[in-house]
Amino acid sequence: MSDLSSDELRALDARHVWHPFTQAGTAPPAILARGGKGATIHGADGREYLDVCSSWWVNLHGHANPMIAKAIAEQAARLEQVIFADFTHEPAVRLAARVAGHLPGDLDRVFFSDDGSTAVEVALKMARQYWSNQGQDRRVYVAFHGGYHGDTAGSMSVGRSCGIFAAWENMMFPVEVAPFPVTWDGDEEAEAKEQRALLALDEILERNAGKVAGVIIEPLIQGAAGMRMCRPHFLRTLEARVREAGSLLILDEVMTGFGRTGEIFACVKAGILPDFVCLSKGLTGGFLPMSLTVTREFIYEGFLGTEVSKAFLHGHSYTANPLGCAAGLASLDLLEGTECQARIQAIEAIHRQRLPGTARHPGVSKARLCGTIAAFDLAGQGYGGALSTRMKNAFLEKGLLMRPMGDVLYLLPPYCITDMELHRAWDIIDGVISHL
Ligand SMILES: *Cc1c(COP(=O)(O)O)cnc(C)c1O
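Residues numbered from 1 in each chain as written. Predicted model: local features only at pLDDT ≥ 70, side-chain atom pairs only at ≥ 80, totals over all residues. Heavy atoms only, no water.

Digging into the sheet that holds strand β15 (residues 400-401)
The line we're drawing: Strand pairing is assigned whenever DSSP detects at least two bridges linking the two strands. Each helix corresponds to a stretch of at least 4 residues labelled H or I by DSSP, and each strand to a stretch of at least 2 residues labelled E; elements are numbered beginning at the N terminus.
The 4 strands lie next to each other as β1-β2-β3-β15, forming an open sheet whose pairing is mixed. The open sheet has two free edges, formed respectively by β1 (33-37) and β15, since each of these has just one partner strand. Where strand β3 (residues 48-51) meets β15, 2 bridges bridge the pair, whose relative direction is parallel. Across the sheet, residue D51 finds its bridge partner in β15, namely L401.

What follows is the structure in structure tokens.
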């Protein structure tokens, strides 16, 4: 495909490309990826990397999955894009109906956008306008400590407590932040933490009575905060509190969606009915950027009328891109299949088998597991700190693509990973941490 050598490509990258979440002043040159197959990324240098972070949590069925690649190619030859105001198309209609079919209750109305940040932005904007359309001045948002919801201004605001947005303080609106009852396997304080979190939440809801537009949470697992988990029980109590306050519950399932928690969605696992669900990362199996904000029928009806100003005047150039929708449908075909469901079970079983052994290493604490995600803390790290960078490099050295988040090591593999590959990943982890 390319007549440029790897060295030339690296030089052009160094000259022209600005990489995300990277301090280029100290980071080593980016690894040049040539291809991928299954859970493995092939480097141009001939090395292989076992991708146990699913390339930032997006990949479900492996790299360059042939079924999804074919679905995209066929769609591209038929219809690549069409304006989504006034027009609709089969892949969008089918994807919306299919995702709605997996969600509880009347979560039936699907709004398309481009990535996790915009899915959250859309939910925040819909919640606010829903209330103003009803003649209610509810404009306060409640979020949870450490929560991350994306990098656009609104999603930064509700994620302001995650601690990486200091440079944009002026761009964020104020948000009420409640404690997130972080727990782990065998945590005896879980109950007490939930009680404390609920007390704080109650205080916030009372102080803002009649003013809360919505409460947003990453259900079961706060991803970017370091795979911090809470119990399903907390979410059920939260749902009841939000109902009592007459407000709206927004679930940011951008990371937890599409099987990561062992169920197709965290809200299904927790048995709750939110008012909005934000989906993105796994939606297209990791092929194309796309997202959905799914909401309930009464919200949609709250925007109907004769005035244009009552409508949701929001959209993006590529809203409901047919290629993304085709990828999403192919990914769902795979996800719903018995083979993938069996892999999800197998991944959880291997995590369950291996995590206790890893947890016995000195310095390891707070071992936790939810579906296909396993995580633990390692004493003495620190975000981007010397040791966590050294550890990332030690893993890369052994052909394992992991990105420690501060003190936290986690596995979030694509579902296609084989038993042998997953055991190898755990072996490498045990080896690296026992040499610290
Ligand atoms: C990644 C993530 C986002 C942001 O998604 P982008 O596609 O990166 O904009 C939002 N919420 C959660 C929970 C995420 O993990």
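Some points on the site of the ligand
The line we're drawing: Nearness is defined per residue: one heavy atom within 4 Å of the molecule or strand is enough. Here a polar contact means two N or O atoms within 3.5 Å. Within protein one must be a hydrogen donor candidate and the other an acceptor candidate, and residues neighboring in sequence count only if both atoms are side-chain atoms. Computed with a 1.4 Å probe, the accessible areas rest on the Shrake-Rupley method; for each residue, only the protein chains presented here act as cover.
Looking at the ligand, the residues that line it are W57, D115, G116, S117, Y148, H149, G150, E218, D252, V254, M255 and K281. Interatomic distance of 2.9 Å between a backbone N/O atom of G116 and an oxygen atom of the ligand. In the model, a nitrogen atom of the ligand is placed 2.7 Å from a nitrogen or oxygen of the D252 side chain. Within the complex, 84% of the 390 Å² of free accessible area of the ligand lies under protein.

A few points about the domain arrangement of the chain
Quick note on the threshold: For every domain, the bounds stem from an assignment made automatically or drawn from a database. The term buried area means the drop in 1.4 Å probe accessible area that two parts suffer when joined, counted for both and summed. For this document, the term salt bridge refers to a Lys or Arg side-chain nitrogen within 4 Å of an Asp or Glu carboxyl oxygen.
Here the chain is partitioned into domain 1 (6-64 + 337-435) and domain 2 (70-334). Taking the mean C-alpha position of each, domain 1 and domain 2 sit 26 Å from one another. Overall, the association of domain 1 and domain 2 removes approximately 2400 Å² of surface from exposure, summing both partners, and the carbon and sulfur fraction of that is 63%. On the domain 1 side of the contact with domain 2, W57, R368 and C370 bury the most area, a combined 25% of that side's loss. Viewed at the interface, domain 2 and domain 1 are joined by 0 salt bridges. One can count 16 residue pairs in polar contact (both at pLDDT 80 or more) joining domain 1 with domain 2. Elements with a contribution of two residues or more to the side of domain 1 that touches domain 2: α2 (54-57), α12 (338-359), β13 (364-370), β14 (373-378) and β16 (408-411). At 5 residues, the largest contribution of residues to the side of domain 1 that touches domain 2 is made by β13.

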